[in-house]
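Understanding the architecture of this molecule
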Amino acid sequence: MDTVTVRIMPQGEAFTAEEDAALRRAGSIIQGGGLVAFPTETVYGLGGDALNAESARKIYAAKGRPSDNPLIVHICRLKDLEKITARVPEEAMRIAEAFWPGPLTIILHKTELVPAETTGGLETVAVRFPSDRIARKLIEYSGGYVAAPSANRSGRPSPTLAKYVLEDMNGRIEMILDGGQVGIGLESTILDLTVLPPRILRPGYVTAEMLGSILKEIDIDVTIMEADSGQAPKAPGMKYRHYAPKGELVIVEGASNQVAEYINVQAAAEQEKGEKTGILCASENFSRYQGNVIKCVGSRRDEEGIARNLFSMLREFDDEGVTKIYAESFEASGLGQAIMNRLLKAAGHHVVKL
Ligand code: AMP
Ligand code: MG
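Residues numbered from 1 in each chain as written. Chains lettered and ligands numbered in written order. Predicted model: local features only at pLDDT ≥ 70, side-chain atom pairs only at ≥ 80, totals over all residues. Heavy atoms only, no water.

Here we take up unusual backbone geometry. For residues besides glycine, phi is generally negative; the peptide bonds are generally trans as well. In the segment running from Trp100 into Pro101, the intervening peptide bond is cis, with an omega of -10°. Looking at where Pro101 falls in the secondary structure, it is placed in the loop between helix H4 (90–99) and strand E6 (104–110). Look at the link from Leu196 to Pro197: it is a cis peptide, with omega at -10°. Positive phi outside glycine occurs at Arg87, with the angle close to 45°. Following the sequence through the fold, Arg87 ends up in the loop between strand E5 (85–86) and H4. A positive phi angle, near 60°, is found at His349, a position not held by glycine. Its place among the elements puts His349 in the loop between helix H10 (335–346) and strand E17 (351–353). (Helix = DSSP H or I, 4+ residues; strand = E, 2+ residues; numbered from the N terminus.)

Turning to the packing of helix H9 (residues 303–319) against H10, a few remarks are in order. Angle between the axes and distance between the axes are the two parameters that describe a pair of packed helices. At their nearest, the axes of H9 and H10 sit 9 Å apart, and the two run at 15° to each other. It follows that H9 is roughly parallel to H10 by the angle criterion. Crossing handedness for the pair H9 and H10: left-handed. Contact residues: H9 offers Glu303, Glu304, Ile306, Ala307, Leu310, Phe311 and Leu314, while H10 offers Leu335, Gly336, Ile339, Arg342, Leu343 and Ala346. A per-class count over the contact of H9 with H10 returns nine nonpolar, one polar and three charged. (Axes fitted to C-alpha atoms, helices over the stretch in contact; angles between N-to-C directions. Parallel < 35°, antiparallel > 145°, perpendicular 65-115°, else oblique. Left-handed = near helix turned anticlockwise from the far one by under 90°. Contact = heavy atoms within 4.5 Å. Nonpolar A, V, L, I, M, F, W, Y, C, P; charged D, E, K, R; others polar.)

Bringing the environment of Thr124 into the picture now. Assignment of secondary structure puts Thr124 in strand E7 (residues 124–128). Residue classification places Thr124 among the buried residues on the basis of a relative accessible area of 19%. Note: C-alpha distance between Thr124 and Asp302 (178 residues apart in sequence) is 36 Å. Beyond its immediate chain neighbours, meaning those up to four positions away, Thr124 contacts Ile107, Leu108, His109, Lys110, Thr119 and Thr194. (Buried < 20%, exposed > 50% of the residue type's maximum accessible area, 1.4 Å probe, protein only.)

Structure representation (structure tokens):
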């Protein structure tokens, strides 16, 4: 199959006639059981009809994703929650009012309308109402319920640019809507509202502190930051190796001068052995490194910038043929928790503590 890419302006008063026609065409592809990748404020999504079991199967096949790893259902109107969810607790509405549209996914009990294929066989469904205007219009034109995991091949870093979607999905899906670089760069926060107290299953842009303004009590899944907690993660997808570049990634933690010294010595030794080495660092430490593929992911004072750059830089190391990557470690509070969760998974929890 030929994958068609259509450019759509991410901002603006209204869609142009051509853009609107492309969005309608994308919507009818999804309604007809096909797949369309589209931008959201978090990362690019791979969309299919959430109420069609066959579409869910196609999504798993296109991604190479295990079919026990459930999909997130995207909606574009709060009232559409009713048809797909049951026994909605009162907090869900307060959470939705506070954070939707936006980068938060909530888990609720599902109705029969949602096929088991979409939820990986679970009786619960993950729902998100994104804020991105292209995503919202596409969902509307697709009939209101779009199942969309991140638009990468399973295990790879999530795409933050359409060119990375094309790299992973060319020939596997009908269409890509290119809305430029996404704003946030990390996947949505996942909050399970079927348990008491509500529990964060995946950290994201909406932090525990922010949710704390609405909820009295919140749990955080212990598996989020630990390599081997002995427990299975409550979000099935979190058990898989994820977000990983092709090169082997090691995180080095410690005082910044020691980290730089350690990385420089190790990288030189690896180069001797014939590895192509890369370094992912904060701008504060950039000048301490030399002689490698060096990528500055942003300033430690700008976590939003780090979040936005992280996945694309992991992919750039691949593009440059890097086989061994050393990454500095980052503060794991606030948005930093989501950054470190992704980095730890990308590294398979390989951390050197100095
Ligand atoms: P992605 O689509 O790549 O953002 O991944 C979606 C994530 O949501 C995966 O880690 C899933 O395991 C998680 N998820 C989706 N539905 C559920 C659910 N019903 N219960 C728990 N986790 C879910
Ligand atoms: Mg994903």
